[in-house]
Amino acid sequence: MNMTVNSIGLEVEITKELANDLNILLSNFQVYYQNLRGIHWNIKGKRFFDLHTKFEELYTDANIKVDEIAERILTLGETPLHTFDDYIKKVKVPIGKNIKQDEKAVHLIVDSLSELLKIERMILEKSDEANDEGTNSMMSDFITEQEKTVWMMKAWLDESI
Ligand SMILES: [Fe+2]
């Protein structure tokens, strides 16, 4: 195994792999972001005002995370994906289209977050192995927050975790 390290002290090969995995996460986050925009716009019914505002809060947070992921990829010396055709090739989160019913909208959030969590745990394991604390702590922060959001969404749905 090639043990050359880069200027931030991380092994070159595994860093490339991690940046590639972060691009998978970035792509899926962008689809999640668009899912949130879609339900923010199209939501209907008696809980409109609550949910319209909640979905905006979530997409604003997702937008910040998208930027953090992209800049981590650059910090690791690679290039973040930024085109929709690249994103769509890597998509694992469900694509929600024209969802206006409130429970369906909240299920879309839960299902999207479940997929993001899988990708983040895969990266977490690898960043731990690579001693990449920057990526590792980013993943653990994302995971903790998203698990809490899943709990809240499940509570709203009156479903168990
Ligand atoms: Fe808006």
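Since we're looking at a predicted model, the values are computed, not measured.

K.L.:
Looking at this structure, I do not really get the overall build of the chain. What am I missing?
P.N.:
Secondary structure assignment for the chain yields five helices and zero strands. Tracing the chain from N to C terminus, the helices and strands come up as α-α-α-α-α. Taken against the 2.2 N^0.38 rule, which gives 15 Å for 161 residues, the C-alpha radius of gyration of the chain at 17 Å falls within 12% of a compact globule. Across the chain, contacts joining residues at least 24 apart in sequence account for 73% of those joining residues at least 6 apart. Approximately 9,100 Å² of the chain is accessible, and the part contributed by carbon and sulfur atoms is 52%. In the chain, 19 side chains carry a positive charge and 29 a negative one; their mean positions are 9 Å apart.

K.L.:
I'm lost on the packing of aromatic side chains in this one. Help?
P.N.:
The description of an aromatic ring pair uses the distance of the two centres, along with the angle that the planes make with each other. All told, the structure shown has five aromatic pairs when counted by the stated rule. Where F29 meets F142, the ring centres are 5.9 Å apart and the plane angle is 55°; that geometry is what we call tilted. Of this pair, F29 sits in helix α1 (residues 12–42) while F142 sits in helix α5 (residues 133–157), and the two are 113 residues apart along the sequence. Across the pair, F142 and F29 agree in class, each one buried. Ring geometry for Y33 and Y59: centres 5.8 Å apart, planes at 80°, overall edge-to-face. A residue pair is termed long-range when its members are at least 10 positions apart, and Y33 in helix α1 and Y59 in helix α2 (residues 48–75) qualify at 26 residues.

K.L.:
What is the right way to read the packing of α1 against helix α4 (residues 102–129) from this model?
P.N.:
Packed helices, taken two at a time, are described by the angle their axes make and the gap between the axes. Look at α1 against α4: their axes get within 10 Å of each other, and the N-to-C directions meet at 170°. Judged by the angle between their axes, α1 and α4 are roughly antiparallel. Here the contact of α1 with α4 is built from residues that sort into 17 nonpolar, four polar and four charged.

K.L.:
What is the right way to read the pattern of salt bridges from this model?
P.N.:
Close approach of charged atoms allows side chains with opposite charge to pair. In this structure the tally under the stated criterion is 11 salt bridges. With its nearest N and O atoms 2.8 Å apart, the salt bridge here joins K65 to E145. In this pair, K65 sits in helix α2 while E145 sits in helix α5, placing the two residues 80 residues apart along the sequence. As a salt-bridge pair, K118 and E115 come within 2.9 Å of each other at their nearest N and O atoms. Separated by three residues within a single helix, K118 and E115 lie in helix α4, roughly one turn from each other. Each of E17, D21 and K126 takes part in a single network of salt bridges with overlapping partners.

K.L.:
Looking at this structure, how should I read the packing of α1 against α2?
P.N.:
Two elements in contact, α1 and α2, have axes whose closest approach is 9 Å; the angle formed by their N-to-C orientations is 160°. The angle between the axes of α1 and α2 places the two elements in the roughly antiparallel class. For the element pair α1 and α2, the recorded crossing hand is left-handed. Here the residues of the contact of α1 with α2 are counted per class, giving 17 nonpolar, five polar and four charged.

K.L.:
Just to check I follow, could you spell out the environment of F55 for this structure?
P.N.:
Of note, F55 is situated in helix α2. When the C-alpha atoms of F55 and E145 are compared, they prove to be 15 Å apart, with 90 residues separating the residues in sequence. Sequence-distant contacts of F55, that is, excluding residues within four places in its chain, are made with L36, I39, H40, I43, A105, V106 and I109.

K.L.:
It is not clear to me how a nonpolar patch on the surface should be interpreted in this structure. Could you clarify?
P.N.:
A surface patch of nonpolar side chains, amounting to about 370 Å² of accessible area, comprises W151, M152 and I161. Tracing the backbone shows I161 in the segment after α5. Exposure remark for I161: the relative accessible area of 73% places this residue in the exposed category.

Rules used in this analysis
- Residues numbered from 1 in each chain as written.
- Predicted model: local features only at pLDDT ≥ 70, side-chain atom pairs only at ≥ 80, totals over all residues.
- Heavy atoms only, no water.
- Helix = DSSP H or I, 4+ residues; strand = E, 2+ residues; numbered from the N terminus.
- Rg over C-alpha atoms; globule rule 2.2 N^0.38 Å.
- Contact = heavy atoms within 4.5 Å.
- Areas by Shrake-Rupley, 256 points an atom, 1.4 Å probe, with all protein chains shown as cover.
- Lys, Arg positive; Asp, Glu negative; His and termini not counted.
- Charge placed at Lys NZ, Arg CZ, Asp CG, Glu CD.
- Phe/Tyr/Trp six-rings, centres within 6.5 Å; stacked < 30°, edge-to-face > 60°.
- Buried < 20%, exposed > 50% of the residue type's maximum accessible area, 1.4 Å probe, protein only.
- Axes fitted to C-alpha atoms, helices over the stretch in contact; angles between N-to-C directions.
- Parallel < 35°, antiparallel > 145°, perpendicular 65-115°, else oblique.
- Nonpolar A, V, L, I, M, F, W, Y, C, P; charged D, E, K, R; others polar.
- Salt bridge = Lys/Arg side-chain N within 4 Å of Asp/Glu carboxyl O.
- Left-handed = near helix turned anticlockwise from the far one by under 90°.
- Patch = residues over 30% accessible without salt bridge, like charges linked within 9 Å, V, L, I, M, F, W, Y side chains within 5 Å.

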